[in-house]
Structures are given as structure tokens and as C-alpha cells.
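# Coordinate analysis (summary)
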Amino acid sequence: MNLEYKIDYLRAYKAFKKLRRNPANTIFIFEILHALNPPSLRWSLEQLMKTESGGEVAYISEEISEYFSTLSERPEGSVGKECHKLFPNQEILLRLSRRKSNNSKWIKAKHPYNWMARRYRDTHDTWHTLTGYPANDTGEICLAAFSYAQTKSLGWFMICFLGLLKYGLTYKNLSMVKHAYIRGKNAKFLLAENYDALFNEDLEEARKRLNILV
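Position numbers for residues count from 1 along each chain, tracking the sequence in the order it is written. Local features in this predicted model are restricted to residues whose pLDDT is 70 or higher, and side-chain atom pairs enter the listing and the counts only when it is 80 or higher, whereas totals over whole chains, interfaces and linings include all residues. Working from all heavy atoms in the structure, the side-chain values ignore hydrogens and water.

### Points about the overall build of the chain
Scanning the chain for helices and strands turns up 13 helices and zero strands. Reading the helices (α) and strands (β) of the chain from amino to carboxyl end gives α-α-α-α-α-α-α-α-α-α-α-α-α. Here the C-alpha radius of gyration of the chain, 16 Å, is about what a compact globule of 214 residues would show, namely 17 Å. Across its three principal directions, the C-alpha atoms of the chain cover 45 × 45 × 30 Å. A total of 214 residues make up the chain; the buried ones form 50% of that total. Pairs of residues are marked as contacts when any of their non-hydrogen atoms sit within 4.5 Å. For the chain, restricting intrachain contacts to residue pairs at least 6 apart in sequence, the fraction spanning at least 24 positions comes to 70%. About 11,100 Å² of surface is accessible on the chain, with carbon and sulfur atoms providing 56% of the total. We score Asp and Glu as negative and Lys and Arg as positive, and we do not count His or the chain ends. Note on charges: their place is set at NZ of Lys, CZ of Arg, CG of Asp or CD of Glu. Here the chain carries 32 positive and 23 negative side-chain charges, and the mean point of each set is 10 Å from the other. Strands here mean DSSP runs of E at least two residues long; helices mean DSSP runs of H or I at least four residues long; both are numbered from the N terminus. For the radius of gyration, the atoms used are the C-alpha atoms, and the globule rule reads 2.2 Å times the number of residues raised to 0.38. For the exposure calls, accessible area comes from a 1.4 Å probe over protein chains only, and a residue counts as buried if that area is under 20% of its type's maximum, exposed if over 50%, partly exposed in between. For the area figures, the Shrake-Rupley method with a 1.4 Å probe applies, and any residue is considered shielded solely by the protein chains shown.

Set out below in C-alpha cells:
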């Protein structure tokens, strides 16, 4: 298995073309992120280790996907409970990312960068919940901009850019994306959170603590 952590521009280009033809197919988004995210994975791991809780989070190698089946049992009004109400089938993302066409062995590899890639994947719906961005086209564009601010992921930048091209580089849309990016910059580094604890936290209190104002 190839565990090289370099940008694969050719793979990204092919995935972009497929995504333009079939925007609803999430597997092409995974391909784009896989192709363009390697420098971001290194950067995010470095940022994680600079935080107060990052060393412990990295040491325990928390797998956020293991909590998905427990979200319906979390306290009412909590991040986990609200996330489950909005996204009751998060396991679908796991299955898509593990498809053979997306190099299923890579996403499951036992390496710090691959572990960080899984954190990118497994926090996506939780970040929808925390930010209040809906799971529609404009919501995904905004969350891509927010995620780019948090992770410096070229993949999220390009997905945001593609969305803007689709809906137009208007003042309204550019302002919307700029606001989402600023929110991501101002928020705490979300990948350093203990998600088991976060899922039990009241959603509004978590937003205040993490400086995610809705």
C-alpha cells in the first residue's frame, strides 16, 4: 500500500471533472480531499500538538466514528444528540470513504496522518451541527470555507471554489464565504477536542466555549 503523503494533482483533476458531471456523488469529494489534503494533514497534526489537550488526544488516538452509534443516547440538547437528529446515518460517510475506488486501505491505515484524515471525515457532520450550516449546497460551501480556515486543506479550498463557480462569484456569495472563513479562523482548533466529551456537552454552551457564534 502506498502511504506517500504528497499532493496528487492528476487524481484531483480527474475527480474534479467527475464531480462537475455528477455533483451529488460524494465519493468524488473524498477523492479530491485524498488527493489534495496531505500537506494539511501534517499541518493539522502540528497544530494539534501545540494545543493544551492535543498531546493527550493524539496519545489516545480517539476514533470519533466509534461514537456514532451512541449519539442517540446523549443528553437532550447536547452536541451529540442534536447531531444525531440532523445526521442519523453518519455511517454512510464511512462506507463511502472505504470504497475500493477511494483506496479503502489508505483511510484505515495506522499512521498519524491517516488518523488525522479520519478526524477530518468523522467531524464533518458535527461541524455542520456546531456551525449551524445546513447540509445543502450553500451550507456545504460555507462549511468548506470554515473547514479550510481550520485545517488549511487545499481540498476544502477547491471544493469551496467549485461551489462558488457553480453559483456565481457574486458579492453576496463571496461575502457569505468570507464570513464562513472568518468564523473558522476565530473558532478554537476543533480537531483538538475530545469528541466523546464534546458530544455530551450542551450545544449552545459548546458553541460559546469554542467561539462559534451562530
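### A closer look at the side chain of Asn114
Mapped onto the secondary structure, Asn114 falls in helix H8 (residues 112-131). When its relative accessible area of 0% is taken as the criterion, Asn114 is described as buried. Two N or O atoms form a polar contact when they lie within 3.5 Å of each other; inside protein one atom must be a possible hydrogen donor and the other a possible acceptor, and for residues adjacent in sequence the pair counts only when both atoms belong to side chains. A distance of 2.4 Å separates polar atoms of two side chains, one belonging to Asn114 and the other to Tyr5.

The values are spatial; any link to function lies outside them.
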